[in-house]
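A closer look at the structure
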Amino acid sequence: MQSHAYHYNQMKMTLSRAEYKEIVRWTDQLRPTRQCMKTLKERFPKFLYRPPLANASPCSACSSRNRTASHSQSTLLSIFSLEYQKRTKRTFSRHHAPEVIDGHYQRHWPESSSRYLSGAKAHPAAPVLLELANKADLSPALMARIILERFLQGPEGEMPSKTVLNSMLKEPSLIPDPILAKNIYQCTINDCCYGPLVDCIKHAIGQEHEVLLCDKLKERNLSFLDENQLRVMGYDKTPDIILEVPIAVEGHIVHWIESKASFGDDHSHRTYLNEQFWSYWNRFGPGLVIYWYGFIEELDCQRDRGILLKDGFPADIVLCHAAQQNGPPHQPQ
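All figures in this text were calculated on a predicted structure; none of them were measured in a lab.

Scoring rules and cut-offs
- Residues numbered from 1 in each chain as written.
- Predicted model: local features only at pLDDT ≥ 70, side-chain atom pairs only at ≥ 80, totals over all residues.
- Heavy atoms only, no water.
- Axes fitted to C-alpha atoms, helices over the stretch in contact; angles between N-to-C directions.
- Helix = DSSP H or I, 4+ residues; strand = E, 2+ residues; numbered from the N terminus.
- Parallel < 35°, antiparallel > 145°, perpendicular 65-115°, else oblique.
- Left-handed = near helix turned anticlockwise from the far one by under 90°.
- Contact = heavy atoms within 4.5 Å.
- Nonpolar A, V, L, I, M, F, W, Y, C, P; charged D, E, K, R; others polar.
- Patch = residues over 30% accessible without salt bridge, like charges linked within 9 Å, V, L, I, M, F, W, Y side chains within 5 Å.
- Areas by Shrake-Rupley, 256 points an atom, 1.4 Å probe, with all protein chains shown as cover.
- Salt bridge = Lys/Arg side-chain N within 4 Å of Asp/Glu carboxyl O.
- Buried < 20%, exposed > 50% of the residue type's maximum accessible area, 1.4 Å probe, protein only.

**Re the packing of helix α2 (residues 17-27) against helix α3 (residues 35-43)**
To characterise two packed helices, one gives the angle between the axes of the helices and the distance between these axes. For the pair α2 and α3, interaxial distance at closest approach is 11 Å and the crossing angle is 135°. Between α2 and α3, the angle falls in the class oblique. By crossing handedness, the relation of α2 to α3 is classed as right-handed. Seen from α2, the contacting residues are E22, W26 and T27; seen from α3, they are T39, L40 and R43. Taken together, the residues that form the contact of α2 with α3 break down as two nonpolar, two polar and two charged.

Below, the structure is given as structure tokens:
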């Protein structure tokens, strides 16, 4: 019987550019709230369930189906998150104009407004800040940051330190105004693209997939050095994995593997190529990039130049025994 993890990694998560653009067009109307995932699932039901492998047992088939649904939904969420971040960067300066910030703050957080105080007491749980963010088409977490920064601003216009600001965003109970604290909390938990909660989740998911990659390599008895070991050896910029004995995947030699717990779109892949992948290629030779949540199929066009893309751990690995004498990478000078 094959393991559940095997089925998990055999799902095809790549999209043609046409399929990707169809999803992107739909995401333009969405806001980064928890409701957006429900909307995406309703619009693209094929991402919810895919049939398990034909030779799977009933138990593993059920597990495979559940993992497939979860993994596919993560692909949709990853695409939406990437697109929303692009949208936010285009409008960031407009939302951070001083007069815009003051307008939001005076309208919703007038420190000496009796009407506000009475309204806040009558409706202390009203998601005022969350509604403001949705009306302004701004990430709730970013709106919370802007308003909190304005709230903490000193009488002479001095800005709070990033340490204080970040600590209050992570722990709203530290905010002196309890109503504002509750609104900051509401924005944080309802934002699926930005904020301290999302940052923690992304970090955990990234770590989870790096562990998954290491487990897969150990299952195949492949000798490797991970990022921590390479740093101890003196490398400052490395892929997640360096193989001590190269492998061949689909006829291509692989010396290193990079794990990306995200979807590979044009912008992110181009950035990774320029800032990471070509640097790895220059230092360590050809390698493999795993986009666990899929990628645009047309981006896998650098194979002959030494960079291979996959959406899961490859099944057809050939160990290059002839290269074993070369050993691990040398200590940098």
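**Concerning a nonpolar patch on the surface**
A contiguous nonpolar patch, built from Y185, I189, L197 and I201 and spanning about 330 Å² of accessible area, is present on the exposed surface. For the nonpolar patch, the secondary structure elements donating two or more residues are α10 (178-189) and α11 (196-219). If you trace the backbone, L197 turns up in helix α11.

**Section: the pattern of salt bridges**
A complete count under the given rule lists twelve salt bridges for this structure. A salt bridge links D265 to K86, with the nearest nitrogen and oxygen atoms 2.9 Å apart. Of this pair, D265 sits in the loop between β3 (252-260) and α13 (266-284) while K86 sits in helix α4 (residues 58-95), placing them 179 residues apart in sequence. D265 gets classed as buried once you look at its relative accessible area, which sits at 0%. A relative accessible area of 22% places K86 in the partly exposed class. Note that E250 and K310 form a salt bridge whose closest N and O atoms lie 2.5 Å from each other. Note that E250 is positioned in the loop between β2 (241-249) and β3 and K310 in strand β5 (residues 307-310), a separation of 60 residues in sequence.

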